[in-house]
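Geometric and topological summary
So the chains spell out like this:
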Amino acid sequence: MSKRFTSLALTAHPPATGHHGRGRSRRVVAPVAAVCVLVAGAALTGCGQQRDADVYTVLNSSTDESYHRWDAEAMARCGKRLGVTIEQQSVPAAQVMTKALRMASSKSLPDIVQFDASEMPTFADAGGLTDLRSLGLSTEDVPEGIVDFGSYRGTYYGAARSVNTLALFYNKDVLDKAGVEVPTTWAELRETAKLLTQGKRYGLALSAGGAEDGVFQFLPFMWSNGGDETDLDSPRVVEALDYWKGLLGDGSLSKSTVNWTQADVNDQFMAGNAAMMINGPWQVETLNTDESLHWGIAPIPVPEAGEDSVGPLGGAVLTVPNTGDEAREKTAGKIVACLSSEEEQLTYALNSWMVPANAKAAAVWRERVPELDSLADQVAVARSRTAKLGAGWSSVSLALQSAFQSALTGQSGETALKRAQQRATSGN
């Protein structure tokens, strides 16, 4: 483990998944104005639905059997500790926001909502969330960058249990047979990917699809090159997109990359159709099902040697909706505190291969899974997607998605990003 990472202790740059991570599906972006109307109505009139005083509901995206089970077990432990019953209502990740809005409109909001951190600011901006510090939650052992990850305009609304980011996964056998080292710079990545492209196998797989998956994967290239989400048509961002175009022009990327999700990328890697891939820890459980696949993990290459590989901080945060029922909100805060406690974070992270948000839990995690050191290094300098733009991130994301589709199917990167900046600014 690097000394630099040990000293950083997971302090991310003021920054944010999957859970922007795990299998990120296509998301529905709700207009902020519509969110404000629906949420404000629910918050001002309180909960219109009669509730069982000892039963609390958590809305999350744990539809995967393993994640649903892990959450159920954690909720059972915390429920026993607090003397209440905690039930989870799981919907696909793309439906959490829309489901929460429907529940707000019918005054039946759950006690806790687990939002993807990139979506939380939209609900917070509408006044729909409760300040977790006012409910007694402490951030003492949470690194500043991860506190920022769950905050909006300086208020702490979302407690993360774990965080994630992207890294470079590689097939050890393929690289060893070719006699090449794991690339660390853009030049090395392009050269290595070109060398390893043979037959049906591409040198590299990544997601550039027209959804948040593609944006998440582009950010390490944009940010590591000095690009910024507030200036999409700057030379630094253009260089990053042109780098992707160069990989595609070399034949090192499949033309299908414009349609792939991160799950598709993992499928291609496991099938032997890619020697390397950009992906996240949510794929580790699946990767480990193939004992014949010998994979390794490394930081995403950077433009020049010695620079930081800066990726997006991903994951989900537990929030307490502002329902007007202060007693239930206080108990919901205790549930969030339990679920995000050091002990529960470590259990969840060891199951899911994510990095615990709590610094003490993260230190134990690093000892238990040393093979993921490179991922931890990436988390240490990762940024939040919404730190600068808050609820405005969705417009930038949609603009970038359109830019990828245009640039990787023929348009120049500069032209595509000029149009993206116009769309992000105008909201159209």
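As the structure is a prediction and not an experimental result, all values here were calculated from the model.

**Comments concerning the pattern of salt bridges**
As enumerated under the stated definition, the model contains eleven salt bridges in all. A salt bridge links glutamate 344 to arginine 77, with the shortest nitrogen-to-oxygen separation between them at 2.9 Å. One end of the pair, glutamate 344, is in helix α14 (residues 342-352); the other, arginine 77, is in helix α3 (residues 65-82), and 267 residues separate them in sequence. Note on glutamate 344: relative accessible area 3%, which makes it buried. Put simply, aspartate 228 and lysine 388 hold a salt bridge, and the shortest N to O gap is 2.2 Å. Residue aspartate 228 is found in the loop between α9 (212-224) and α10 (235-250), and its partner lysine 388 is found in the loop between α16 (373-380) and α17 (393-407); the two are separated by 160 residues along the sequence. Residue aspartate 228 is classed as buried on the basis of its relative accessible area, which comes to 16%. Note on lysine 388: relative accessible area 54%, which makes it exposed.

**A short note on the sheet that holds strand β11 (residues 295-298)**
Strands sit in the order β9-β10-β8-β11 across an open sheet of four strands; the sheet is mixed. One side of each edge strand has no neighbouring strand; the edge strands of this open sheet are β9 (202-205) and β11. Neighbour-to-neighbour, the strand axes of this sheet turn through a mean angle of 20°, independent of strand direction. With three bridges connecting them, β9 and strand β10 (residues 274-279) associate as parallel partners.

**Quick notes on the packing of α3 against helix α13 (residues 326-339)**
Running from N to C, α3 and α13 point in directions that differ by 125°, and their axes come no closer than 10 Å. As judged from the angle between their axes, α3 and α13 are oblique. In the packing of α3 onto α13, the handedness of the crossing is right-handed. Contacts between α3 and α13 pair Ala74, Met75, Cys78, Arg81 and Leu82 from the former with Lys334, Ile335, Cys338 and Leu339 from the latter.

Conventions adopted
Residues numbered from 1 in each chain as written. Predicted model: local features only at pLDDT ≥ 70, side-chain atom pairs only at ≥ 80, totals over all residues. Heavy atoms only, no water. Salt bridge = Lys/Arg side-chain N within 4 Å of Asp/Glu carboxyl O. Helix = DSSP H or I, 4+ residues; strand = E, 2+ residues; numbered from the N terminus. Buried < 20%, exposed > 50% of the residue type's maximum accessible area, 1.4 Å probe, protein only. Pairing = 2+ DSSP bridges. Axes fitted to C-alpha atoms, helices over the stretch in contact; angles between N-to-C directions. Parallel < 35°, antiparallel > 145°, perpendicular 65-115°, else oblique. Left-handed = near helix turned anticlockwise from the far one by under 90°. Contact = heavy atoms within 4.5 Å.

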